[in-house]
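Per-entry structural report
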Amino acid sequence: MKKLKKVLIVLASLLFILFIGSIIIISSLKPDYEGKKMLPKLESEVNVFYDTYGIPHIYAQNKADAFHALGYVHAQDRLWQMELLRRVATGRLSEVFGKDLVETDKFFLSLGIDDYTSKTISELNMESEMVRLSNAYLEGVNEFIEKGPTPIEFYLTGLKKEPFSLEDSYNAIGYMAFSFAMAHKTDPLLTNIRNQLGDEYIRELAIDSDTSTVWIKNYKNSKADSIGTDITANVTRALEQLSLPLFEGSNSWVIAPEKTKSGKVILANDPHIGFAQPSVWYEAHISTPNYEKYGYHFAGVAFPVLAHDRNLAYGLTMFENDDIDFYLEETHPTDSTRYVTEFGFEDYEYVTKEIKVKDEETISFTYKKTRHGPVLNNIAKQITTEEPIAMSWIYTKPQNEVLDALYEISDAKNLEEFTSALPKIHAPGLNVMYGDASGNVAWWAAAKLYQMPDSISTKFVLNGKTGKEEPIRYLDFSENPSAINPPWYYVYSANNQPDSISGMVYPGYYLPENRAKRIVQLLDGKNDWDKESVAEMTLDVTSSINPALITELIKLLDVSHLAEEQLVLIDALKNWDGSYTLDSTNPTLYHRCEYYVLKNTFEDELGKEQFDQFMGTHLLKRHIAWGAKMGVGKWWDNIFTKDKVETRSDIVLKSFADAWNSLVNDLGPDPKQWTWNRVHTLEHQHPIGQVESLRKFFNVGPYPVNGTREVINNMAFPYDSTGFYKVNSGPSTRRIIDFSDIENSISILPTGQSGNPFSKHYKDQAELFVNGKFRKMMMNREEIERNAESVLKLTKD
């Protein structure tokens, strides 16, 4: 008994020591939100007040110190995110994650983002205010790297911390610009469909936006071989697995004083970005004697991408313009180092890069370039033709002034100063939304747009050798779509088609009218908007399109062959208002039917691989409503049934039966149990959360969530054969800026402010987000100090 007692005492002592040791280790890895830190490069003391959600409110005597402090606190919460994002464009993911990422690294290196960054840096005025503040921010990041605790991810991957430079900021922007692009998913696929099936099949696809749908209105005040399909399919999958943000779409609207209860402008913005942990935006409030901004920051970039102050507010959505073109080149018949142009033969440019691979030898690879851009053969595995396919991307063409634009719009004092910065955004294409305390509302499509020859469609791979399918000119920014103080008293964007400009409809990969139609419907129907009603609108989960679509298809069903429980659900669908709430069964049956209609329509002609790729395009989203109305068409026939030509009715009947049977198999025989909450869920994934034993520690969720694809509360998901809809993108924040009460404007983040899993702010907003709640964006210093959870003092000595 005595021996047992001694053993228990020893075990208890060991457990106590282990417990204390764990506390010490965890404490050493956590962000430090209070106390005093010495940052020798500061000119004077900076006070950082953290509110109850970990948002830093930075008070400094000058802008350089404020941005220095921002860099320090940003790195403290998001260093791992910064590290991953700077590695994408420079082809350095394999160094962290091993050989599985080599193809991804090759692809991004071939885009030339790093070389374009080097050229940009060499041409900068290093004495400019933009560069000075960017470097102050980066010095703060590097001070944390030198003195702060190392995030746990660095230990788990064996990665050493390295200082950041201005190149890293530009490379992060380059990645952001590419992740907006949709051409790589669409152009080669459409070219294949045309080559394999013919023009008649192409004419029955919604390649261009339907002119009968809702468009954004302008208002000016004053060969037959397979070439490959989704060129970046493997790359996209790899980035999703790493939980890197992929930019998808967005909502924003700005309401003029004439339509608000207070007579003041209200701005709403919720950019739609791939969900990840941590979420994409870092929130921070900066105040100096002559500058104040409450902003949302991208990892590694000093200036906010979304922001407001007491004078003005701005938000962004994705323009979705076509800024990538693919060209089929022709190599010299006897000299493989040259290719054909309209002027004769030119030499390929050869570029050699090295990729460091974790636990492997360094890889050296060489790719070639034409006048159009990198040749993707042997880089993108989806390129299957021997003929060279080159990619022309507008981002790497003109002078890069995007960082200057971000600085200038964040420093603007009024509409005129703000507008003057926008021509510097050449890519990615952005819808810039603006409102101010003077009552102005505005929208601009900011991008370097170009005109192609008549009859040339950039939705297909172009002829690279004739010179007849090249851009004719760049449009002046004044020709871009825009609306400033329109007489309908609001501006909006939902990534839908803008109206014609310079006598043409600008090509792009615009999303269908679904969200836009609902936004316009709600805004037109009310003239007394306030913060609360705008917040409610951002959470709207009603589809303006799907009920009419399903009603049209139900007419094709032969109800005499349906069972009683099937008739009950069909009747419910007929009376469905299009809302996507957790306890509803209508959405579940609708989406299962829609998937099988698409599968039974397209998969026979396309094959499984191309069908799966088609399902990931904006073209598919535009086609759903448009195609379902097509009574007669080539796609309806199943090419494998030689003795029959299927009609739309045949496909709808088969699809309903397939959907019903699959729901019985997945969710049971009782249709009352087929509720939306059982199939529509959101989990915020961390790269290391892919390890099952670490999933609960690093990932956040899963949660059942309201909403769906292409409603205002856009909780999007990919269609696949599982019938379970794992949300992968949606609102990266919800912001409501009310100029009648600017200090009580509201927002929310999807998970939390911190990317450090040991921080209390790692996921403290997650449940608020899924429940449609908001929190205050504080700007009143007295209130901030009174309610501060902690204070961090940063001093020179």
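Residues numbered from 1 in each chain as written. Predicted model: local features only at pLDDT ≥ 70, side-chain atom pairs only at ≥ 80, totals over all residues. Heavy atoms only, no water.

Moving on to the overall build of the protein chain. Helix and strand counts for the protein chain stand at 23 helices and 30 strands. Relative to the 2.2 N^0.38 estimate, which gives 28 Å for 797 residues, the radius of gyration of the protein chain is 27 Å and therefore close to what a compact globule would have. C-alpha extents for the protein chain along the principal axes are approximately 85 × 75 × 70 Å. Taking all 797 residues of the protein chain together, 61% fall into the buried category. When the accessible surface of the protein chain is totalled, it reaches about 31100 Å², and 51% of it is carbon and sulfur. Positive and negative side-chain charges of the protein chain, numbering 83 and 110 respectively, have mean locations separated by a distance of 5 Å. (Helix = DSSP H or I, 4+ residues; strand = E, 2+ residues; numbered from the N terminus. Rg over C-alpha atoms; globule rule 2.2 N^0.38 Å. Buried < 20%, exposed > 50% of the residue type's maximum accessible area, 1.4 Å probe, protein only. Areas by Shrake-Rupley, 256 points an atom, 1.4 Å probe, with all protein chains shown as cover. Lys, Arg positive; Asp, Glu negative; His and termini not counted. Charge placed at Lys NZ, Arg CZ, Asp CG, Glu CD.)

Moving on: the confidence of the model for the protein chain. Averaged over the protein chain, the pLDDT score is 90; the fraction of residues at 70 or greater is 92%. Scored below 50 in pLDDT, residues 18-24 shows zero contacts in the model against residues more than four places distant or in partner chains. (pLDDT = per-residue confidence, 0-100. Contact = heavy atoms within 4.5 Å.)

Along the chain, Thr601 falls in helix 18 (residues 586-614). Given the relative accessible area of 5%, Thr601 is considered buried. Within the local environment of Thr601, its side chain forms a polar contact with the backbone oxygen of Val597, the two atoms lying 2.5 Å apart. If we skip the residues at most four places from it in the chain, Thr601 touches Trp635, Trp636 and Ile651. (Polar contact = N/O pair within 3.5 Å; in protein donor to acceptor, adjacent residues only side chain to side chain.)

Let's shift gears to the sheet that holds strand 9 (residues 312-318). Taking strand neighbours across the sheet as the criterion, the 11 strands line up as 1-30-2-3-6-7-8-9-16-17-21 in an open arrangement whose pairing is mixed. This sheet does not close on itself; its edge strands, each paired only once, are strand 1 (35-38) and strand 21 (482-484). Averaged over all adjacent pairs, the angle separating strand axes in this sheet is 20 degrees, with direction ignored. (Pairing = 2+ DSSP bridges. Axes fitted to C-alpha atoms, helices over the stretch in contact; angles between N-to-C directions.)

Across a regular strand the side chains alternate sides, sitting on one face of the sheet and then on the other. Within strand 7 (residues 291-297), seven of the seven residues are buried, which leaves it mostly tucked inside the rest of the structure. Taking every second residue as pointing to the same face, both faces of strand 7 are buried, with Tyr291, Lys293, Gly295 and His297 on one and Glu292, Tyr294 and Tyr296 on the other. Where strand 6 (residues 282-288) meets strand 7, seven bridges bridge the pair, whose relative direction is antiparallel. Residue pairing in the sheet places Thr288 in a bridge with Tyr291 of strand 7. Between the antiparallel neighbours strand 6 and strand 7 lie two residues. Where strand 7 lies against strand 8 (residues 306-308), three bridges are found, and the strand directions are antiparallel. Following the sheet pairing, Gly295 is matched in strand 8 by Ala307.

Geometrically, a pair of aromatic rings is defined through the distance of the ring centres and the angle of the planes. Under the counting rule described, the total for this entry stands at 40 aromatic pairs. With centroids separated by 5.9 Å and ring planes inclined at 70 degrees, the aromatic side chains of Tyr434 and Trp444 adopt a geometry described as edge-to-face. Note that Tyr434 is positioned in strand 16 (residues 430-436) and Trp444 in strand 17 (residues 441-446), a separation of 10 residues in sequence. Residue Tyr434 shares its accessibility class with Trp444, and that shared class is buried. Both rings, one in Phe717 and one in Tyr719, keep their centres 5.8 Å apart while their planes meet at 65 degrees; by these two values the pair is edge-to-face. For the residue pair Phe717 and Tyr719, the accessibility class agrees, reading buried in each case. Through a chain of ring-to-ring contacts, the aromatic side chains of Trp576, Tyr580, Tyr590, Tyr595, Tyr596, Trp676, Phe717, Tyr719 and Tyr725 assemble into a single cluster. Sitting over the ring of Tyr474, Lys448 keeps its end group 5.3 Å from the ring centre. Across the ring face of Tyr509, the terminal group of Lys459 is positioned such that the distance to the ring centre comes to 5.2 Å. (Phe/Tyr/Trp six-rings, centres within 6.5 Å; stacked < 30°, edge-to-face > 60°. Lys NZ or Arg CZ within 6 Å of the ring centre and 35° of its normal.)

The space that makes up the largest cavity amounts to roughly 290 Å³. Within the residue set of the lining of the largest cavity, elements represented by two or more residues are helix 16 (546-554), helix 17 (564-574), helix 18, helix 19 (618-628) and helix 20 (648-667). Counting residues per element, the lining of the largest cavity draws most heavily on helix 18, which supplies seven residues. When grouped by side-chain class, the residues that make up the lining of the largest cavity number 19 nonpolar, five polar and three charged. (1 Å grid on protein atoms, 1.4 Å probe; cavity = no way out; pocket = protein on both sides within 12 Å on 5 of 7 lines; lining within 4 Å. Points joined across faces, edges and corners; volume = space filled by probe spheres on them. Nonpolar A, V, L, I, M, F, W, Y, C, P; charged D, E, K, R; others polar.)

Judged by pairing direction, the sheet is mixed, and its three strands sit side by side in the order 24-23-25 without closing on themselves. The open sheet is flanked by strand 24 (700-704) and strand 25 (725-727), the only strands paired with a single partner. For this sheet, the mean inter-axis angle between neighbouring strands, taken without regard to orientation, is 25 degrees. Two elements, strand 23 (residues 680-684) and strand 24, share three bridges in a ladder whose sense is antiparallel. Directly across from Leu682, in strand 24, lies its bridge partner Tyr703.

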